[in-house]
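Observations on chain architecture
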Amino acid sequence: MAINEQQIQEIVRNVLKEMTAPETGVHKKTSKLHGIFETAEEAIAAAKAAQKEIQPMPLEFREKIISNIRKNTLAMAKEFAELGVQETGMGNVGHKILKHQLVAEKTPGTEDLSTIAWSGDRGLTLTEMGPWGVIGAVCPSTNPTETVICNSIGMIAAGNTVVFAPHPAAKNVSNLAIDMVNRSSIEAGGPDNIATAVEVPTMEVSKTIFGHKDISLLVATGGPGVVTTVLSSGKRAMGAGAGNPPVLVDETARLQKAAEDIINGCTFDNNLPCIAEKEVIAVDTIADELIYHMEQAGSYHASKEEVDRLIKTVFVEKDGKRTLNRKCVGRSAKVLLDMIGVSVGDEIRCIIFEGEKTNPLIWEELMMPILGVVRVKDVDEGIAVAVELEHGNRHSAHMHSTNINNLTKYGKAIDTAIFVKNAPSYAALGFGGEGYATFTICSRTGEGLTSAKNFTKSRRCVMADALCIR
Ligand code: NAD
């Protein structure tokens, strides 16, 4: 059922009204969202005033605010997931709930900040991680609230406040998450407006944020356009851009597990995560068996004629260029098949087909559960094809193999911020793998999986000829 803008705003208002949350006391009955302003100037000024309060706070106090954000994220995970799907039309409610749980539980806080010390005859010198001040952060439509919450935790842990530029197609649910962050601070006795935004985000609003003298760091999570824009701003900027993660399967892989992992990773939240498997490269000797197991794991094997229809449906011409049809992004396999006149049951989670690397469904980053399989003669050809399909994004790549030499060769050649071996792609986010979670992976600017430490400036603090007690 389609839902219009007015209905979404009504849902957000009702959710807020009903949130009395006696266990936390955070959600007062009000229709005014905390941290949401009419103009960019107001949003920046409010975040600047809040940062003056956050910076001198004991770390323990910042941690209290963060633990409230974690608690309230868990309490609201279902609302955020449902509203996110309703507003954007993309993704899967169950998986979005898991993503919010992951953000709440595995995003690092103040423990991520460390100090380096040199102590000797000439005294004690420390290098500390200090805040930038007010950060401008752009968020995508694909993980809207997950990114707002994840960025808020890391940026506030480091002593910053943040002005968000949420995606216009996800503004209501993003603003609701910003409200939750501020209420979590107020509940702990902290300031309001530690995260702010403008009620109606536009390109003009983003432009003001990017050029404003009171914004000292820009962090963009989104496609190539916005990352290039912030990197050209003249300010210090971090770019978490697009990927097109290839998954390579060689002849030594455990094929049934590989197929199940690939389908689980590819279909998570209808393939919206930038790290998710976007195409498979399979060595010829095992390709047929791998495809069989992918079918068994819930895939529809599309014919050549159906693939041609998918291409016509999934892409549209805009300004003479092939672009994604936004009505297909983040939709389930069943919905996508329905669009080309193929009816399947709920057990179908993915659409697979065999194709050339130049097939647009393989070549382009789709963000939908369509997985092309490219057949190669051996692992070396597979590595070369994977490098080509990753397009130099240096974002994410995955492999299923039990040959350590092949895994090492691929890891070196593909040179990505994320390289998952023998698991679904989401293991990279600490979901079924070790390590912390993030929804901002700065592939373009090299920070990789970001956390509080990346939102700091290095400061050297020197005491000469004293405080060395060796
Ligand atoms: P998008 O690029 O359409 O939008 C991202 C944000 O940038 C939005 O807030 C949008 O309003 C803004 N924006 C876009 N162009 C802009 C411009 N020229 N100036 C100012 N603002 C601009 O992306 P999307 O469709 O929401 O998200 C999907 C894309 O983001 C995919 O390419 C995906 O790989 C990438 N992504 C990357 C990461 C990562 O961590 N590397 C995480 C999530 C998404």
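In what follows, the structure referred to is the one given above.
Below is a summary of the structure that appears in this document. (Residues numbered from 1 in each chain as written. Predicted model: local features only at pLDDT ≥ 70, side-chain atom pairs only at ≥ 80, totals over all residues. Heavy atoms only, no water.)

The secondary structure content of the protein amounts to 15 helices and 20 strands. Its C-alpha radius of gyration of 23 Å places the protein within 12% of the 23 Å reference for a compact globule of 470 residues. Considering the protein as a whole, with its 470 residues, one finds that 57% of them fall into the buried category. Residue pairs in contact within the protein that sit at least 24 positions apart in sequence constitute 73% of those at least 6 positions apart. When the accessible area of the protein is evaluated, it comes to approximately 19,500 Å², of which 53% is carbon and sulfur surface. (Helix = DSSP H or I, 4+ residues; strand = E, 2+ residues; numbered from the N terminus. Rg over C-alpha atoms; globule rule 2.2 N^0.38 Å. Buried < 20%, exposed > 50% of the residue type's maximum accessible area, 1.4 Å probe, protein only. Contact = heavy atoms within 4.5 Å. Areas by Shrake-Rupley, 256 points an atom, 1.4 Å probe, with all protein chains shown as cover.)

Before going further, it helps to examine helix α15 (residues 404–414). Among the residues making up α15, those that are buried are Asn-406, Leu-407, Tyr-410 and Ile-414. Take α15 and look down its axis: the buried residues cluster within an arc of 100°, on one side only. Of the exposed residues in α15, those oriented more than 90 degrees away from the buried face are Ile-404, Asn-405 and Lys-412. Its buried side turned inward, α15 meets β9 (246–249), α14 (379–390), β16 (396–400) and β17 (418–421). At the N-terminal boundary of α15, the capping side chain belongs to Asn-403, with an oxygen 2.8 Å from the backbone nitrogen of Asn-405. (Arc of directions from axis to C-beta. Polar contact = N/O pair within 3.5 Å; in protein donor to acceptor, adjacent residues only side chain to side chain.)

With that settled, the discussion passes to the pattern of salt bridges. Under the counting rule described, the total for this entry stands at 22 salt bridges. Among the ionic contacts, a cluster of salt bridges with common partners joins Lys-96, Lys-99, Glu-146 and Asp-269. (Salt bridge = Lys/Arg side-chain N within 4 Å of Asp/Glu carboxyl O.)

Near the ligand you find 30 residues, and of these Cys-139, Ser-141, Gly-241, Glu-365 and Ile-441 are the closest. Between the ligand and Ser-141, the relevant distance is 2.6 Å, taken from an oxygen atom to a main-chain nitrogen or oxygen of the residue. Surface burial for the ligand is 87%, taken as the share of its 840 Å² of free accessible area covered by protein chains. Only α7 (203–211) and α8 (224–231) provide two or more residues apiece to the shell around the ligand. Within the shell around the ligand, the residues separate by chemical class into 15 nonpolar, 13 polar and two charged. (Near = heavy atom within 4 Å. Nonpolar A, V, L, I, M, F, W, Y, C, P; charged D, E, K, R; others polar.)

Another aspect to go through is unusual backbone geometry. Even without being a glycine, Asn-193 presents a positive backbone phi close to 65°. Within the element layout of this structure, Asn-193 appears in the loop between α6 (171–187) and β6 (195–198). Phi angles above zero are rare outside glycine, and Asp-319 is one such case at about 50°. In this structure, Asp-319 sits in the loop between β12 (315–318) and β13 (321–324). On the basis of relative accessible area, Asp-319 is assigned to the exposed category, the value being 75%.

Now for the sheet that holds β16. If you walk across this open sheet you meet the seven strands as β11-β14-β15-β10-β9-β16-β17, and the pairing is parallel. The sheet is open, and its two borders are formed by β11 (299–301) and β17, each paired with just one other strand. Recorded for the sheet is a direction-independent mean angle of 25° between the axes of neighbouring strands. Bridge count for β9 against β16 is three bridges, and the pairing is parallel. (Pairing = 2+ DSSP bridges. Axes fitted to C-alpha atoms, helices over the stretch in contact; angles between N-to-C directions.)

Strand order in this open sheet of six strands is β1-β6-β5-β4-β7-β8, and the pairing throughout is parallel. Looking at which strands have only one partner, the edges of the open sheet turn out to be β1 (36–37) and β8 (236–240). Pairing geometry for strand β4 (residues 134–138) and strand β5 (residues 161–165), over five bridges, is parallel. Bridge pairing in β5 links Ile-135 to Val-162. With respect to the sheet, helix α5 (residues 144–157) is in contact with β4, β5, β6 and β7 (215–221), its orientation differing from that of β5 by roughly 160°.

Note: strand β2 (residues 116–120) against strand β3 (residues 123–131), five bridges, orientation antiparallel. Considered in β3, the bridge of Ile-116 is made with Thr-127. Connecting β2 to the next strand, β3, in antiparallel fashion are two residues.

Throughout the structure, instances matching the rule amount to four aromatic pairs. Judged by centre distance (5.0 Å) and plane angle (55°), the ring pair of Phe-268 and Tyr-426 falls under tilted. Linking Phe-268 in the loop between α9 (255–267) and β10 (279–283) with Tyr-426 in the loop between β17 and β18 (441–442), this pair joins segments that are 158 residues apart in sequence. Neither residue differs from the other here; Phe-268 and Tyr-426 are each classed as buried. Between the aromatic rings of Tyr-410 and Phe-419, the centroid separation amounts to 5.4 Å while the plane-to-plane angle is 85°, which identifies the pairing as edge-to-face. Accessibility expressed as a relative area gives 0% for Tyr-410, which makes it buried. Given the relative accessible area of 22%, Phe-419 is considered partly exposed. In this structure an aromatic cluster arises from ring pairing among Phe-268, Tyr-426 and Phe-431. The ring of Phe-37 has Lys-32 lying over it, and the distance from NZ or CZ to the ring centre is 5.7 Å. The ring of Phe-419 carries Lys-421 above its face, with NZ or CZ at 3.9 Å from the centroid. (Phe/Tyr/Trp six-rings, centres within 6.5 Å; stacked < 30°, edge-to-face > 60°. Lys NZ or Arg CZ within 6 Å of the ring centre and 35° of its normal.)

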